[in-house]
Structure formats: structure tokens, C-alpha cells
Amino acid sequence: MNETKTGKETLPAEALSGANLDSQVDLTNCDREPIHLISHIQPNGALLAMDPRDLTIVQASENTSVFFGMAARDLLGRAADSLFAPKYAEELRISISEGRLGSTGIHLFTAFVAEKGPYHVIGHIHSEMLILEFETSEAENVSSDYSLLEKSFSGFERTATARDFAQVVCEEVRRISGFDRVMVYKFLEDFSGSVIAEDLAPEQHGHQEPFLGLRYPATDIPKQARALFVLNTTRLIPDAAYVPSPMISAAQTTGGIPLDLSCAFLRGVSVMHLEYLLNMGVHASMSLAIVKNGDLWGLISCHHYAPRSVAHDVRTACQFLARAVSQQIIEREASEEAEYSLRIEEMHRSLLEHMAEKSTLMPALADCDPSVKTFFSCGGSAILLDGKCRLFGDTPNEAQIRTLADWLVVEHPQEVYGTSSLPVEYGKAREFKTTGCGVLALQISYDGGYLFWFRPEVVQTVNWAGNPSKPTSGLKGDRLTPRKSFALWQETVD
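Only a predicted model underlies this, so the values are computations on that prediction, with no experimental measurement involved. (Residues numbered from 1 in each chain as written. Predicted model: local features only at pLDDT ≥ 70, side-chain atom pairs only at ≥ 80, totals over all residues. Heavy atoms only, no water.)

*Asks:* In this structure, what is going on with the overall build of the chain? I would like to understand it.
*Replies:* Counting its secondary structure elements, the chain contains 13 helices and 23 strands. Split into buried and exposed, the 494 residues of the chain put 51% on the buried side. Taking the intrachain contacts of the chain between residues at least 6 apart in sequence as the baseline, contacts between residues at least 24 apart amount to 62%. Of the roughly 23,500 Å² of accessible surface on the chain, 52% is carried by carbon and sulfur atoms. (Helix = DSSP H or I, 4+ residues; strand = E, 2+ residues; numbered from the N terminus. Buried < 20%, exposed > 50% of the residue type's maximum accessible area, 1.4 Å probe, protein only. Contact = heavy atoms within 4.5 Å. Areas by Shrake-Rupley, 256 points an atom, 1.4 Å probe, with all protein chains shown as cover.)

Okay, structure coming up:
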């Protein structure tokens, strides 16, 4: 293992400006931080929480005085009719009564609020609360011609491999959004993630290290954050050094319960994540979830090295691309699975035809064409049946296979057993890990008959973005903070 001393090693004091300074969250328990109940919003918009039954305001962000010229406490208890023109208040009621509002925020209308604005009004209903978010309609717009989305889909269609596809996704999202860096980040089985594609703005070449191929530990995106990405697929942070706008409520109406902001685009950010971004020199970010069959497959992650606002229509275009990417991934992986299933079915049919010509099972299995070994991608296979053993390809020796079968009968009597790390469960496998570190065993008779498929040990070098197990102390004294070194740190994994 080796670690090089590069990367950002200082953290500006502004990193704490978006934090709940009383928080006791650190790297040892950040996966339990209730980030959906954070008690402030980002200040690039205002937020009102209303009772959907009568449209009275029960919570308001403190910065309503900036946006609407009305203090948050003065808004509590007021009805929507006092803020909007009558037609917009009525449109809001109709949207609720007709069930148009769910947990995903939608653009309701663009209107003046208390004679200020105009503002884009984005609404959703979550935890029996109507959440209205307001952002200026004059926000920076990088690309107003969304017919350019057609170019994105044309690029998708020309890609042959998943990695080529991911690369085009990065290029198109960066073109539309204007961020300095865009990456496709794929989650692995242990919830760590790997950057499989990246596009960096030309002016950043020579100033920023590439992240392509780097792996990040699961703690970088803790489990509650991953769960929120399935609910709210877009996360924008225009300024990682923002000054938070607290939520103001009347105690008698909320009982002191924090507002659930799971699906709000203005939701405040954990101090841990803000420090993480600033440690990398990132001052603005946008993350778009890639969801496959209800599970988080990965993220389109955008970084900018200065604060950056993203207009609602630009954000919507990027969201549309992310949904298209999710569908493309489902279709591509389904196609690969269908091709694999077809190949297995053809081999199975051939095996059955061959068995019909033989009087006993061993020669039927051993002499079939295609061979048993070709059923799966493997280094070798073995048949143990009726006291006989046949080996094909690179496998453990006969004695080792017989001992393995005896162990399986006792410890794993089920018909199918598989593992990618046999030596972890079966110590004797260390003797033959170069040929049989992974095994799939299919029981074909009750007296210890098995079909085996073996895979050799894979020794790989994992390129981590900094030491994944090295804690650091930061501005909060002894409290652990996200690591400051994102330099290449290599680990050899068996």
C-alpha cells in the first residue's frame, strides 16, 4: 500500500457556516444522522410548509423577509390567498384536490408572491404537509435551447458499451449544466462506489486531478443519504459555504417536531458533507440519481470549483437525462441478461439431448458438447459422481475436491452453494485458492455427488480516493471530519 501527499490539506472556516453547530455527528455515526430532519434550508430559495387542508402556513424559512419582504413569524397562520393572486391560490387548491401533488416536487406556476418576484413555485406533499419552494425565475441559465437534448439521445444510441454510454452521459450533462466536472459514479455490492466515466472542462485540465477509476468508501455516501436519493433524485448545492436559513414554526402547531424535508430541493446539507466538498475544493455540486428497479444504481455527480446557481429549467433538463439514463441502464442490463439466459437454455437443451443417448449420468455429463465447463465463465469444472471424479480446465486436485464435497455435505447440505471467497469459510481452500478461490457447487445425488465450477483468485489493485480507513481531525477539535486527502491511495485486495 502506498499513499502520496497531495490534495487539499486546509479547510476554510466557511465550511461550518451551513452546519448545525450543536450536532454530535462524526464519522463513527454519520450513517445515523437524520439528514431529512435538518432544521434549515439553503438560502438560494424560500420555503413554506402548509396544512394541505386549508392552505394555512405552519412553518416558514427565515429568509422570507429577503424574498417576500415579510418576516417568517408574520407569515405563520396566514392562508395562501394572502400571498398569491386569486387564480394561483385556486390553482393550488385544484392541484391538491385532483391529487396532482405527490412526494416529487413539480413546477406549479411562476408568480409574484406578496407582490415580489416573480418566483418559480415548486410543490410537493410529504408526511401530510404541503411544501412550497420558491426560487427566482431570473437564475443563471446556461443553455436555453433544450432541443439540444435531441443531441444527447443521438449520442446515447451510438454507444456500444456501458462505459461508452456513461462517458457520453458525462459529456452531455456537463454541456447542459456548465459544471466543471461531471462523473458517473456506480455503487458496488458493498456500497462503495467507483467513478466509471468523467468529463472535465477544458479550462480545468492541468489544474484538477482526474477521478476516473478511483473508488470511494461506502461512508462517503452513507446509507440514509442513499435512501434519500431514491425519494428525491436531484440534489443541488449552489454554495457549499452557504449561510443557512433556519425554519421558523409556531410550537403549538408543530409540537416541536422538525419538518421532514426529504423531498425538498432546498433541504439543508449536513456539515459532514459540506466539509467533504470543501476539502476537495468543490464549492458547488449537483447529484442526479440513477435508479434501477427502485434501487440506487449510481449517481451522475457534478462539481464546480466556484459557487454556481442552476436555473430550474436547466435542472429539469438534467433530471430528464438522468431518468433516461436509468431507463437505458435497465434496458441494456436486461438485454445482457436475456442473451445470457438464452445461451444457458441452449446449453441445457444440448445437455439433455446428450444425456438421452447415454445409459448413465457420468458419461452424459463428462462427454457432452458444449461441455459442462462452458455453462459459466470459470477457470475449470469438476464432476464427482458414483465414486468417480472428472476434472476439466484449471481446478483443485481430485483429493481436494473430494474433501471439499465431504465438507459441503455436512456444512452446506442445500442443493446449491456458491461463494467468491471459499478460503474465508473453508480454511483448507487456502491450499488451492489459485484455482478454486470461488466455487459454485450443484448437488446432483444424495450420496455426495456434485458438479463444481471453480474460479481462480483475483488479485487486484484498488485505487482509492485517499486512505478509506484513515480518520482525520478537523476544525471541530477532536471530532472526526471527512478526510482532507483525496490523493491516490492504492490497496492490494485478494
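Don't stop here, the text continues.
*Asks:* Explain the environment of histidine 283 to me, please; I cannot follow it from the model alone.
*Replies:* Tracing the chain through its elements places histidine 283 in the loop between helix 8 (271-279) and strand 13 (284-292). The class for histidine 283 is partly exposed, based on a relative accessible area of 25%. Each C-alpha atom, one on histidine 283 and one on arginine 308, is 7.8 Å from the other, the two residues being 25 residues apart in sequence. Those residues within four positions of histidine 283 in sequence are excluded, and the remaining contacts are Ile237, Pro238, Asp239, Ala240, Leu278, His304, Tyr305, Ala306 and Pro307.

*Asks:* It is not clear to me how helix 3 (residues 86-97) should be interpreted in this structure. Could you clarify?
*Replies:* An α-helical turn contains 3.6 residues, so a residue and the one three or four places further along point in the same direction. The end-to-end C-alpha separation of helix 3 is 17 Å, in line with the 16 Å expected for twelve residues at 1.5 Å each. Regarding helix 3, the residues found buried are Tyr88, Ala89, Leu92 and Ser95. The buried residues of helix 3 occupy one face: seen down the axis, they fall within an arc of 120°. Away from its buried face, by an angle of more than 90 degrees, helix 3 presents the exposed residues Pro86, Lys87 and Ser97. (Expected span 1.5 Å × (residues − 1). Arc of directions from axis to C-beta.)

*Asks:* What is the right way to look at the sheet that holds strand 17 (residues 416-419) in this model?
*Replies:* The strands making up a sheet associate through hydrogen bonds between their backbones, and the pairing can be parallel or antiparallel. Spatial ordering of the open sheet is given by 16-15-19-18-17, a layout of five strands whose pairing is antiparallel. Looking along the sheet, the strands with just one partner apiece sit at the ends: strand 16 (388-393) and strand 17. The mean angle between the axes of side-by-side strands here comes to 10°, regardless of whether they run parallel or antiparallel. Sheet strands in contact with helix 11 (residues 398-411) are strand 15 (380-385), strand 16, strand 17, strand 18 (438-445) and strand 19 (449-455), and its direction is about 115° off that of strand 19. (Pairing = 2+ DSSP bridges. Axes fitted to C-alpha atoms, helices over the stretch in contact; angles between N-to-C directions.)

*Asks:* When you look at the pattern of salt bridges in this model, what are you seeing that I'm missing?
*Replies:* Inspection of the entire model under this criterion finds ten salt bridges. As a salt-bridge pair, arginine 315 and glutamate 135 come within 2.8 Å of each other at their nearest N and O atoms. Here the residue arginine 315 occupies a position in helix 9 (residues 312-356), and glutamate 135 occupies one in strand 7 (residues 129-136), the gap between them amounting to 180 residues. Assigned by exposure class, arginine 315 and glutamate 135 land together as buried. Of the charged contacts in the structure, one is a salt bridge between glutamate 198 and arginine 181, with a shortest N-O distance of 2.3 Å. Linking glutamate 198 in strand 9 (residues 193-200) with arginine 181 in strand 8 (residues 181-187), this pair joins segments that are 17 residues apart in sequence. (Salt bridge = Lys/Arg side-chain N within 4 Å of Asp/Glu carboxyl O.)

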